[in-house]
Amino acid sequence: LGYSLSGPSMLYINNQSALAVAKNPEHHGRMKHLDLRTSDMPADILTKSLPRPKVLEMVKMLGLG
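Each value, and the rule that gives it
- Residues numbered from 1 in each chain as written.
- Predicted model: local features only at pLDDT ≥ 70, side-chain atom pairs only at ≥ 80, totals over all residues.
- Heavy atoms only, no water.
- Helix = DSSP H or I, 4+ residues; strand = E, 2+ residues; numbered from the N terminus.
- Buried < 20%, exposed > 50% of the residue type's maximum accessible area, 1.4 Å probe, protein only.
- Areas by Shrake-Rupley, 256 points an atom, 1.4 Å probe, with all protein chains shown as cover.
- Salt bridge = Lys/Arg side-chain N within 4 Å of Asp/Glu carboxyl O.
- pLDDT = per-residue confidence, 0-100.

Trainee: I would appreciate a short explanation of the overall build of the chain in the present structure.
Mentor: When helices and strands are counted, the chain shows four helices and zero strands. Across the 65 residues of the chain, 5% fall into the buried class. Just so you have it, the chain exposes about 6400 Å², and 58% of that area is on carbon and sulfur atoms.

Right under this line is the structure:
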């Protein structure tokens, strides 16, 4: 981008989770866990092959039918 860097940038944060991970990085793996409700994902109709009842459910969730 055309900028010269003299050193690392200072990062100001006020997030207890980020501070805990910075102090103890061994817990970083736990932060990657996401609790997803895959049965309630309307976008599945666009990304997966689904059985007809599931397609009809997703269409309804998207307000298309």
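Now that the structure has been shown, the text picks up again.
Trainee: Explain the pattern of salt bridges to me, please; I cannot follow it from the model alone.
Mentor: Evaluation of the coordinates by the stated rule reveals two salt bridges. Its salt-bridge partner being Lys-48, residue Asp-44 comes within 3.5 Å of it at the nearest N-O pair. Judged by its relative accessible area of 44%, Lys-48 is partly exposed. In this structure, Glu-57 engages Lys-54 in a salt bridge whose closest nitrogen and oxygen atoms are separated by 3.6 Å. With a gap of three residues between them, Glu-57 and Lys-54 both fall in helix H4 (residues 52-61), about one helical turn apart.

Trainee: Sorry if this is basic, but what is going on with the confidence of the model for the chain here?
Mentor: The predicted coordinates ought not to be read in detail in places where the model reports low pLDDT. Per-chain confidence: the chain averages 78 in pLDDT, with 78% of residues scoring 70 or above. By mean pLDDT, the top-scoring element of the chain is H4 (90), and the lowest-scoring one is helix H2 (residues 28-31) (60).

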